[in-house]
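Geometric and topological summary
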Amino acid sequence: ERPHAQEHGITIFHDMRGVTSKNVHVGIPKLLLGAIIGHFPIRIESVYILDAPFFVRGIFRVVTTLMMPAKLRRRIHFVDSVEDVYEVIDRDQLLEEHGGKRVH
């Protein structure tokens, strides 16, 4: 409904702090990607994943190589600091815990 999102797409920010191999199931990324790609009527401008553990990055690389177009893969960025997203995501849109103004 927002004109900017319709024209440019959306930016997704996902904080993975605290995720370990003991509290995540490896099938979830595959399930989510399969549900979104080609089935969700919205353009994804970019995705920023904060503090993804090493094993998530590896699984992600394999799954996305097999299931995701290269054009979309280039829009996904792993970041180690929330400050890395301040240039692309307005702080007003981030939660307080990420230096923004939104209350969870």
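Since this is a predicted model, take the numbers as computed values, not measurements.

About the criteria used
Note that residues are indexed from 1 along each chain, following the sequence as it is written. Owing to the predicted nature of the model, reporting of local features is limited to residues with pLDDT of at least 70; listing and counting of side-chain atom pairs is limited to 80 or more, with chain, interface and lining totals taken over all residues. Computation of side-chain values covers all heavy atoms of the structure but excludes hydrogens and water. In this description a helix means any DSSP run of H or I spanning at least four residues, a strand means any run of E spanning at least two, and both kinds are numbered starting from the N terminus. In this analysis, two residues are considered to be in contact whenever any of their non-hydrogen atoms come within 4.5 Å of each other. We define a polar contact as two N or O atoms separated by no more than 3.5 Å, with the added condition that, inside protein, one atom must be a possible hydrogen donor and the other a possible acceptor, whereas residues neighbouring each other in sequence contribute only through side-chain atom pairs. The criterion is simple. A nonpolar core is a set of buried Ala, Val, Leu, Ile, Met, Phe, Trp, Tyr and Cys residues joined through side-chain atoms within 4.5 Å. Three labels apply to residues, based on accessible area from a 1.4 Å probe with only protein chains included: buried if under 20% of the type maximum, exposed if over 50%, partly exposed otherwise in between. A carboxyl oxygen of Asp or Glu within 4 Å of a side-chain nitrogen of Lys or Arg is what we treat as a salt bridge. The span one expects for a helix is its residue count, reduced by one, times 1.5 Å. The arc under discussion is defined with respect to the helix axis, by the directions toward the C-beta atoms. Ring geometry is summarised as follows: Phe, Tyr and Trp rings, the Trp one being its six-membered ring, pair when their centres sit within 6.5 Å, and such pairs are stacked at plane angles under 30 degrees, edge-to-face over 60 and tilted between the two. Here, a strand pair is defined by DSSP locating no fewer than two bridges between the strands. Every angle, taken between N-to-C directions, lies between 0 and 180 degrees, and every axis is a line fitted to C-alpha atoms, over only the stretch in contact when it is a helix.

1. Thoughts on the environment of tyrosine 86
Turning to its location among the elements, tyrosine 86 is positioned in the segment after strand 3 (76–79). Once residues within four sequence positions are removed from consideration, tyrosine 86 is found in contact with Arg91, Leu94, His98 and Gly99. In terms of polar contacts, tyrosine 86 uses its side chain to reach the backbone carbonyl oxygen of histidine 98, at 2.8 Å.

2. Notes on the nonpolar core
Judged by nonpolar contacts, Met16, Ile44, Val47, Ile49, Ala52, Val56, Phe60, Met68, Leu72 and Ile76 together constitute the single largest core of 10 residues. Counting residues per element, the ones that place at least two in this core are strand 2 (44–50) and helix 3 (54–67). In contact with alanine 52, other than residues within four places in its own chain, are Met16, Arg57 and Phe78.

3. So, the pattern of salt bridges
Tallying each qualifying case throughout the model produces 3 salt bridges. Between aspartate 15 and arginine 17 there is a salt bridge whose closest N-O contact spans 2.6 Å. The class for arginine 17 is partly exposed, based on a relative accessible area of 47%. The shortest N-O distance in the salt bridge between aspartate 92 and lysine 101 comes to 3.3 Å.

4. Examining helix 3
Between the first and last C-alpha of helix 3 there are 20 Å, a value that for 14 residues agrees with the 20 Å anticipated at 1.5 Å per step. Listed as buried for helix 3 are Val56, Phe60, Val63 and Thr64. Across the axial projection of helix 3, the buried residues extend over an arc of 95 degrees, all falling on one side. Those residues of helix 3 that are exposed and angled more than 90 degrees off the buried face are Phe54, Arg61, Val62 and Leu66.

5. Quick look at the packing of aromatic side chains
Counted according to the given criterion, the structure contains 1 aromatic pair. Residues phenylalanine 60 and phenylalanine 78 carry aromatic rings whose centres are separated by 5.3 Å and whose planes lie at 85 degrees to one another, so their mutual orientation is edge-to-face. Within this pair, whereas phenylalanine 60 is found in helix 3, its partner phenylalanine 78 is found in strand 3, the two being separated by 18 residues in sequence. You can call phenylalanine 60 buried: its relative accessible area is 15%. The class for phenylalanine 78 is partly exposed, based on a relative accessible area of 26%.

6. Observations concerning the sheet that holds strand 3
Taken in spatial order, the 3 strands line up as 1-2-3 in an open sheet, and their pairing is parallel. Looking at which strands have only one partner, the edges of the open sheet turn out to be strand 1 (10–15) and strand 3. Within this sheet the neighbouring strands show an average axis-to-axis angle of 15 degrees, counted without direction. Here strand 2 pairs with strand 3 via 4 bridges, running parallel. Bridging across to strand 3, leucine 50 finds its partner in valine 79.

Keep in mind these values describe shape, not function.
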